[in-house]
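# Per-entry structural report
Below, each chain spelled out in residue letters.
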Amino acid sequence: MLQKKVHIMTYGCQMNVSDSEKISTALRGAGYESSPTIDGADMVILNTCSIRAKAEEKIYGILFTMKGRLKKNPGLLIGVGGCVAQQEGERLLKKVPHLNFVFGTHNLHLLPEMVRQAEAGKRVAETSFIDDESRLDLFPMQSEGSGVTRFVTIMQGCDNFCSYCIVPYVRGREVSRRFSELLDDIRSAADSGVREVTLLGQNVNSYGSKGDDGSGFASLIRDVAEIDGIERIRFMTSHPKDISAPLIECYAEVRKLCSHIHLPVQSGSDRVLQMMNRGYTRAGYLEKVARLRAARPDILITSDIIVGFPGETEEEFSDSLSLIEEVGYVDTFSFIYSPRPETKAAALHDSIESREKHERLNRLLALQKSLTARIQSSMVGERLEILVEGKGRDDGQIFGRSSGSRIVNLQGSLDLVGTLQKPLIVKAMQNCLLGELT
Ligand code: SAH
Ligand code: SF4
Ligand code: F3S
């Protein structure tokens, strides 16, 4: 029988990239092989993100354009998964009449059966949550990607309920993968040539906190560091309130742990942080930064910041700007606040005008740009250790990342992929550094 083809479109965070791999595996079981293009596909899956309204609107835009495709290819099946699917469920089928099926973030294991029903002409939606560890057994997680770096999901879901955030509602409760399974997974990744792992979760610091083996995140890092072949360990994302003394000790003692931490602060104002339900103050955050720096003096810190949270005053926004300078972030990802369904903040009066929010965002971006330039320029003349990952920006170039997660491009042979090198940094650009192997 001729293999049918599915084209999977992925939006949003690394968690979705990882889920798309699982969707692909599930659909293979239903007789569909993945196709890199939509042309000639028998089915399209949109794996969606709902973190801000714009991300959600984009999905409706794409679904609308699918109408044109259906004219040319009336048999095309369309499925929506991911966080918008979880949020909307059956409503999506009502809103989009040419949509065939909707599956939530905990329902990947049901896909083969749902596809069979869709093939038989039924329109189906399944978005029930599975809020315990059995979720992991229903659809075992694999490591994703190939080559020398790999993302390894260590936990799913989030219990933090920051007041603006939809993630706890669309991903469900926190569940950690078992310690021994994770270590086996990373050992086999190392055997296949992986040199750097990024331990992935919405809130990695609370890894294992509900588990019965009592193994926390810091002990996971220490055990991963014992694996032969793994040279570098990164993680994403950690919540500032959960940065623990054992984790800080890892920065002092575990050489393989990279000199970078993404530590989203969201705001520099205590009143706004409290309204966001973040569970720390500006001073508490700065104290953790100081302890991290004492443990690892060359650590580079990146952050996420929300601009224009309901009621944020000009002064409170200035507190975010001054915090950016005080910490000296090498990079920040900044977002204009977007009200999300079900969240607590959605009930607050969003009083700040859009023009004002954009103006604040631009000021923040300008400040960060100059800070990034300043920090990157200070690296010129130094030797930074990089792990070579692949082809660089220009012809004949290769690229790697420094321990602090800065991209370094340099002339060199692709034979160096997978090796650690120590180029001399000769130039700092806005988004990367230029190095030389001498
Ligand atoms: N679990 C991670 C990442 C969450 S999503 C963490 O806690 O850091 C990534 C970023 O999107 C968040 O850090 C936040 O800055 C931003 N974000 C989340 N919800 C948002 C909203 N409603 N409006 C604007 N930005 C939002
Ligand atoms: Fe969202 Fe907060 Fe959880 Fe991050 S920690 S996913 S911002 S609720
Ligand atoms: Fe988006 Fe869902 Fe990730 S809302 S950021 S795809 S967890």
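Residues numbered from 1 in each chain as written. Chains lettered and ligands numbered in written order. Predicted model: local features only at pLDDT ≥ 70, side-chain atom pairs only at ≥ 80, totals over all residues. Heavy atoms only, no water.

### Focus: the overall build of the chain
The criterion, for reference: Secondary structure elements are taken from DSSP: a helix is a run of H or I of four residues or more, a strand is a run of E of two residues or more, and numbering for both begins at the N terminus. Within these notes, the globule rule equals 2.2 Å times the number of residues to the 0.38 power, and the radius of gyration is based on C-alpha atoms. Each residue gets one of three labels from its accessible area relative to the maximum for its type: buried under 20%, exposed over 50%, partly exposed in between, using a 1.4 Å probe on protein chains only. Residues are treated as being in contact if the distance between any of their heavy atoms lies within 4.5 Å. Under the convention used here, a 1.4 Å probe and the Shrake-Rupley method define accessible areas, while residue burial counts only the protein chains that appear. Only four residue types enter the tally: Lys and Arg on the positive side, Asp and Glu on the negative side; His and the chain ends are excluded. A charged residue contributes its charge at one atom only: NZ of Lys, CZ of Arg, CG of Asp or CD of Glu.
Across its full length, the chain carries 14 helices and 20 strands. Computed over its C-alpha atoms, the radius of gyration of the chain comes to 23 Å, within 12% of the 22 Å expected for a compact globule of 438 residues. C-alpha extents for the chain along the principal axes are approximately 65 × 55 × 50 Å. A burial count over the chain gives 54% of its 438 residues as buried. Put simply, of all contacts in the chain between residues at least 6 apart along the chain, 71% involve residues at least 24 apart. As displayed, the chain has an accessible area near 19,000 Å², and 52% of this comes from carbon and sulfur atoms. In the chain, 54 side chains carry a positive charge and 57 a negative one; their mean positions are 4 Å apart.

### Considerations on the nonpolar core
Our working definition: Take the buried Ala, Val, Leu, Ile, Met, Phe, Trp, Tyr and Cys residues and link them wherever side-chain atoms come within 4.5 Å; each set so joined is a nonpolar core. An automatic or database domain assignment is the source of the domain bounds shown.
Counting residues in hydrophobic clusters, the biggest one holds 67 residues, and the most contacted among them are Leu199, Phe217, Leu220, Ile221 and Phe235. Both domains that furnish three or more residues to this core are identified here as domain 2 (133-377) and domain 3 (386-436). Apart from the residues within four sequence positions on either side, Phe217 is in contact with Ile154, Leu199, Val204, Asn205, Tyr207, Phe235 and Leu247. One finds Cys49, Met66, Leu70 and Val102 within the second-largest nonpolar core, a separate group that totals 21 residues.

### Regarding the sheet that holds strand β5 (residues 101-103)
Just so we agree on the cut-off: Each pair of strands is called paired provided DSSP finds at least two bridges between the two strands. Note on method: axes are straight lines fitted to C-alpha atoms, helices fitted across the in-contact stretch only, with angles between N-to-C directions ranging 0 to 180 degrees.
An order of β2-β1-β3-β4-β5-β6 is seen for the six strands of this open sheet, with the pairing classed as parallel. Single-partner strands in this sheet number two, and they are β2 (32-34) and β6 (124-126). Here the strands of the sheet are splayed against their neighbours by 20° on average, with no regard to which way each runs. Examined bridge by bridge, strand β4 (residues 77-81) and β5 share two bridges and lie parallel to one another.

### Examining the packing of aromatic side chains
Here is the rule we go by: In this scheme Phe, Tyr and Trp rings, the latter by its six-membered ring, pair at centre separations within 6.5 Å, and the angle between planes marks the pair as stacked below 30 degrees, edge-to-face above 60, and tilted otherwise.
Tallying each qualifying case throughout the model produces six aromatic pairs. Measuring from ring centre to ring centre gives 5.9 Å for Tyr280 and Tyr285, while their planes differ by 35°; the resulting arrangement is tilted. A relative accessible area of 2% means that Tyr285 is categorised as buried.

### Observations regarding the site of ligand 3
To keep things clear, this is the line we draw: Near is defined per residue: the residue qualifies when any heavy atom it owns lies within 4 Å of the molecule or strand. Classification convention: Asp, Glu, Lys, Arg as charged; Ala, Val, Leu, Ile, Met, Phe, Trp, Tyr, Cys, Pro as nonpolar; all other residues, Gly among them, as polar.
Taken together, Cys13, Asn16, Cys49, Ser50, Ile51, Cys83, Arg171 and Gln202 make up all the residues around ligand 3. When grouped by side-chain class, the residues that make up the shell around ligand 3 number four nonpolar, three polar and one charged.

### Considerations on the environment of Gln87
Note the threshold: Polar contacts here mean pairs of N or O atoms no more than 3.5 Å apart (in protein, one a potential hydrogen donor and the other a potential acceptor; neighbouring residues in sequence count only if both atoms are side-chain atoms).
Among the structural elements, Gln87 can be located in helix α3 (residues 82-88). Along the chain, Gln87 and Leu182 lie 95 residues apart, while their C-alpha atoms are 30 Å from each other. Non-local contacts of Gln87, meaning those with residues more than four positions away in its chain, are made with Ser50, Glu56, Ile166, Val170, Arg340 and Pro341. Here Glu88 takes part through its side chain, which lies 2.9 Å from a polar atom of the side chain of Gln87.

### As for the pattern of salt bridges
Keep this limit in mind: Salt bridges, as used here, are contacts in which a Lys or Arg side-chain nitrogen is within 4 Å of a carboxyl oxygen on Asp or Glu.
For the structure shown, the criterion picks out 29 salt bridges. Arg232 serves as the salt-bridge partner of Glu196, at 3.4 Å between the closest nitrogen and oxygen. Of this pair, Glu196 sits in strand β10 (residues 196-200) while Arg232 sits in strand β11 (residues 232-236), and the two are 36 residues apart along the sequence. Just as Glu196 is buried, Arg232 falls in that class too. When the shortest N-O distance is used, the salt bridge between Glu196 and Arg234 registers 2.9 Å. Of this pair, Glu196 sits in strand β10 while Arg234 sits in strand β11; the two residues are 38 residues apart in sequence, bridging distant segments of the chain. Shared partners join several salt bridges into a network, and the residues in it are Glu196, Arg232, Arg234, Glu389 and Arg401.

### Examining the packing of helix α8 (residues 179-191) against helix α9 (residues 217-225)
Rule in force here: Throughout, the term roughly parallel applies to angles under 35 degrees, roughly antiparallel to angles over 145, roughly perpendicular to angles from 65 to 115, and oblique to all others. Crossing chirality is assigned from the near helix's rotation relative to the far helix, an anticlockwise turn below a right angle marking it left-handed and a clockwise turn marking it right-handed.
Contact geometry of α8 with α9 gives a least axis separation of 10 Å together with a crossing angle of 30°. When the axes of α8 and α9 are compared, the pair comes out roughly parallel. Like other packed secondary-structure pairs, α8 and α9 cross with a definite hand, here right-handed. Note on element contacts: α9 touches α8 through Ser219, Leu220, Asp223 and Val224, opposite Phe179, Leu182, Leu183 and Ile186. For the contact of α8 with α9, the per-class residue count stands at six nonpolar, one polar and one charged.

### Remarks on the sheet that holds strand β14 (residues 331-336)
The parallel open sheet is built from three strands, whose spatial order is β12-β13-β14. The open sheet is flanked by β12 (260-262) and β14, the only strands paired with a single partner. Across the sheet, the mean angle separating the axes of adjacent strands is 10° when strand polarity is ignored. In this structure, strand β13 (residues 300-307) lies alongside β14, joined through six bridges in parallel fashion. Counterpart to Thr302 in the pairing with β14 is Asp331.

### A word on the environment of Glu21
Its location among the elements puts Glu21 in helix α1 (residues 14-28). Along the chain, Glu21 and Ser34 lie 13 residues apart, while their C-alpha atoms are 9.8 Å from each other.

### Points about the site of ligand 2
In the vicinity of ligand 2, the contacting residues are Cys158, Asn160, Phe161, Cys162, Tyr164, Cys165, Val167, Pro168, Gln202, His239 and Arg278. Here the residues of the shell around ligand 2 sort into seven nonpolar, three polar and one charged.

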